[in-house]
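Secondary and tertiary structure notes
Here is what each chain is made of, one letter per residue.
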Amino acid sequence: MTQQYYSPGQRPDFHGAAILDDEGNETPITEEMIFKACVELMIAQGQEETVSEKSD
């Protein structure tokens, strides 16, 4: 079953940023997803000491 993040009949506004799965379902790319990816890259490059909690 596909999880929807919007109401049926409502077209979500992804601002052109979404991930498509194998079935063509769109999942919006969030700020949290980008932050997590950046942290993972920094850790992989040995920059753990520069990783801090995200501030709003």
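The rules behind these values
Residues numbered from 1 in each chain as written. Predicted model: local features only at pLDDT ≥ 70, side-chain atom pairs only at ≥ 80, totals over all residues. Heavy atoms only, no water. Helix = DSSP H or I, 4+ residues; strand = E, 2+ residues; numbered from the N terminus. Buried < 20%, exposed > 50% of the residue type's maximum accessible area, 1.4 Å probe, protein only. Contact = heavy atoms within 4.5 Å. Salt bridge = Lys/Arg side-chain N within 4 Å of Asp/Glu carboxyl O. Patch = residues over 30% accessible without salt bridge, like charges linked within 9 Å, V, L, I, M, F, W, Y side chains within 5 Å. Areas by Shrake-Rupley, 256 points an atom, 1.4 Å probe, with all protein chains shown as cover. Expected span 1.5 Å × (residues − 1).

Our focus in this paragraph is the overall build of the protein. Each helix and strand counted, the protein has one helix and two strands in total. Going residue by residue from the N terminus, the α and β elements of the protein occur as β-β-α. Burial statistics for the protein: of 56 residues in total, 5% are counted as buried. If you take every contact in the protein between residues at least 6 apart in sequence, the share linking residues at least 24 apart comes to 0%.

Next up on the list: the pattern of salt bridges. Evaluated as defined, the whole model comprises one salt bridge. Two residues, Glu 40 and Lys 36, come together in a salt bridge whose shortest N-O distance is 3.9 Å. Residue Glu 40 and its partner Lys 36 are located together in helix H1 (residues 31-44), separated by four residues, close to a single helical turn. For Glu 40, a relative accessible area of 46% gives the class partly exposed.

Together, Ile 19, Ile 29, Met 33 and Ile 34 give the surface a local cluster of nonpolar side chains, amounting to about 320 Å² of exposed area. When you line up the elements, Ile 29 lands in the loop between strand E2 (26-28) and H1.

Let's shift gears to H1. Its 14 residues give H1 an end-to-end C-alpha distance of 20 Å, which sits within 8% of 20 Å, the value for a rise of 1.5 Å per residue. Remark: Gly 46 follows H1 within two positions and exhibits a positive phi of approximately 80 degrees.

Function-wise, these values are silent; they only describe arrangement.
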